[in-house]
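# Close look at the chain arrangement
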Amino acid sequence: MNSLKAGLGIQLRHKFGIGETMPVLNLQLGVDQQHYNIAVRDADVYTAGLSVSKRFTPALQLSLGASHERSDGDHEQGLPAFGMWPAKSGKVWDYSAWTLSLQGELDLNEASWLNAALQYRDGDVVSTGITYAGNVASLASTYDPAFGLHAVAYRLDARTQIYTLDYNRALWRSSTWYAGAEYQTSRTSSGIDYKAGILRTGFIHAF
Amino acid sequence: MNFNFRTSVLSATAVLSATAALSTTAALSATSALSATAAHFPTLASTFKAGLLLVVLTIGPGCLAATLNLTLTDQHGTPVEDAVMYVRSIDGSIPPSSPMQVDVDQIDEAFVPHVRAATAGSLVNFPNSDHVRHHVYSFSKAKTFEVPLYSGVPSAPTLFDQAGLVTLGCNIHDHMLGYILILDTPYFSEIRAGKGSIATLPAGELVVEIWHPRLLDAGVITQLLQATADAELNLELQVTLRPERMVRRAPRRSGSRY
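Residues numbered from 1 in each chain as written. Chains lettered and ligands numbered in written order. Predicted model: local features only at pLDDT ≥ 70, side-chain atom pairs only at ≥ 80, totals over all residues. Heavy atoms only, no water.

## Considering unusual backbone geometry
Residue and element names in this part refer to chain B. Following Val112, the chain continues into Pro113 via a peptide bond in cis, with omega recorded as 0 degrees. Residue position: Pro113 is located in the loop between β6 (111–112) and β7 (115–119). Even without being glycine, Ala193 reaches a positive phi, approximately 50 degrees. Although it is not a glycine, Thr200 sits at a positive phi angle of roughly 55 degrees. (Helix = DSSP H or I, 4+ residues; strand = E, 2+ residues; numbered from the N terminus.)

## A few points about the packing of aromatic side chains
Scanning the model with the defined rule gives 7 aromatic pairs over all chains in all. Considering the side-chain rings of Tyr163 of chain A and Tyr183 of chain A, the 6.4 Å spacing of their centres and the 25 degrees angle between planes classify their relative orientation as stacked. Residue Tyr163 of chain A is located in strand β8 (residues 152–172), and its partner Tyr183 of chain A is located in strand β9 (residues 175–188); the two are separated by 20 residues in the primary sequence. Three or more aromatic residues joined by ring pairs form one cluster here, namely Phe126, Phe145 and Phe160 of chain B. (Phe/Tyr/Trp six-rings, centres within 6.5 Å; stacked < 30°, edge-to-face > 60°.)

## Points about the interface of chain A and chain B
Between chain A and chain B, the contact holds 27 residues from the first and 21 residues from the second. Summed over both sides, the interface between chain A and chain B buries roughly 2,300 Å², with carbon and sulfur atoms accounting for 50% of that surface. Put simply, chain A and chain B have 3 salt bridges between them. On inspection of chain A and its partner chain B, the count reaches 9 residue pairs in polar contact (both at pLDDT 80 or more). Where the side of chain A that touches chain B is concerned, the elements lending two or more residues are β1 (3–15), β5 (95–107), β6 (112–129), β8, β9 and β10 (193–205) of chain A. Counting residues per element, the side of chain A that touches chain B draws most heavily on β8 of chain A, at 4 residues. Its residues assigned to classes, the side of chain A that touches chain B comprises 10 nonpolar, 7 polar and 10 charged. (Contact = heavy atoms within 4.5 Å. Buried area = accessible area lost by both parts, 1.4 Å probe. Salt bridge = Lys/Arg side-chain N within 4 Å of Asp/Glu carboxyl O. Polar contact = N/O pair within 3.5 Å; in protein donor to acceptor, adjacent residues only side chain to side chain. Nonpolar A, V, L, I, M, F, W, Y, C, P; charged D, E, K, R; others polar.)

## Considerations on the sheet that holds strand β14 (residues 188–191) of chain B
Residue and element names in this part refer to chain B. Reading across the sheet, the 4 strands line up as β14-β3-β16-β17 and stay open at both edges, with antiparallel pairing between neighbours. Edge positions in the sheet fall to β14 and β17 (220–227), since each has one partner strand and no second. Across the sheet, the axes of successive neighbouring strands diverge by a mean angle of 25 degrees, strand direction being ignored. Here 8 bridges tie strand β16 (residues 204–211) to β17, and the two strands are oriented antiparallel to one another. Bridging from a neighbouring strand, Glu205 pairs with Gln226 of β17. (Pairing = 2+ DSSP bridges. Axes fitted to C-alpha atoms, helices over the stretch in contact; angles between N-to-C directions.)

## Considerations on the sheet that holds strand β9 (residues 134–140) of chain B
Residues and elements named next belong to chain B. What the 5 strands build is an open sheet, ordered β7-β13-β12-β9-β10; its pairing is mixed. The outermost strands of the open sheet, each flanked by one partner alone, are β7 and β10 (143–150). Here the average twist between neighbouring strands, direction ignored, is 20 degrees. In this sheet, strand β12 (residues 164–170) lies alongside β9 in antiparallel orientation, the contact comprising 2 bridges. The residue bridging Val136 from the neighbouring strand is Cys170, located in β12.

## Concerning the domain arrangement of chain B
All names here are of chain B. When the domains of chain B are assigned, the result is domain 1 (16–20 + 36–94 + 187–239) and domain 2 (101–182). Contacts between the two partners involve 8 residues from domain 1 and, on the opposite side, 10 residues from domain 2. Approximately 790 Å² of surface area, both sides summed, lies buried where domain 1 meets domain 2, with 72% of it carried by carbon and sulfur atoms. Joining domain 1 to domain 2, the criterion identifies 1 salt bridge. A salt bridge links Arg116 to Glu190, with the nearest nitrogen and oxygen atoms 3.1 Å apart. Put simply, domain 1 and domain 2 have 3 residue pairs in polar contact (both at pLDDT 80 or more) between them. Those elements that place two or more of their residues in the side of domain 1 that touches domain 2 are β3 (83–90) and β14. When its residues are assigned to classes, the side of domain 1 that touches domain 2 shows 5 nonpolar, no polar and 3 charged. (Domains from an automatic or database assignment.)

Written out as structure tokens, the structure reads:
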């Protein structure tokens, strides 16, 4: 699933006063074009977010935010009817969701800090399986070659909680190494539960 | 406060000035260490006193000023940057200082220099050499001020009329931190690459202080020295510094460095 993403974004930031403990209001708008080597996933993604952050101590900063995401997929060909399974729209990657988030950043020492976030997402999720099992409750379904010839991607309405924790270490003034984990748990409107865990590590250099 | 130091006090040498008609430089050669302070200040390692009386007898009126040279390293042996050495008093008092005009620039989202020293009553300019605008401010007791969002050179410098430590910040870039140490003494030196020097010091008992923003105990290091006329005092100190604070400046996954 190699992909290329290109987009535009704008961020407006307003600080309510002078000093590092003053609250900051952030507005972010963005649009991205996502292209995958498996073209069924190609989509234009629009995001809008509003957050308020505040540093409470020299080491602790919290932020509260809300965002909306909408994806307009290019793919339209859905699954045909098959036995008891009805035909479905192929607009799997036409989805939208609202997310509320609470994030915190805690400095551990002069060179490292922790990020933690709790997000509540209300909207569509996309999953891929090798059977039609999820298709019954799905809002749209299509073949998903990224996972094999018989894989089916389907979109469901769901509520998702996302928990993330990252450790970050400043290597030099303009470089950071991070490692962390993310855990997602979703319940669809049809009663299907999904759980996923992600481990990640990376390196950032700003120039 | 953990530090190790060695001091060596060198005698006056041939630099005894032309004003001294009593030319006894031979007797004041580098082999004699002038340290009358040894009896009073056990921190000095010198043990030579024999030359002192000779110096007193041979240096006439119009004696020259002393020079204080500092070599400062941290606990890793690295030359220290961004420290300030100053003479707090000479024989219990200090002459008045003259105001100056100095700059604190903003380059690559950092105050340059990170530490600046100036005398009370000085004017400080804050040119912005960055490609982004900055909003300089301070809430320090010695000087509370702001230079609202700007680029280039502000229209007027800022007057710092009270002695004390002024901590600088940028309201846009929270990781930016700088210091201006406003002093009420004319005898001071900024330490760069571990070196600093104060010349034209009058003779007397010197109370010398060294300040750095990351000194482990967040204070100053105090040294008591005895300067004789035309003495060259060489002070070598090693200090323990806290690590540089990089958390705020380092990039985040969100792309922000605020």
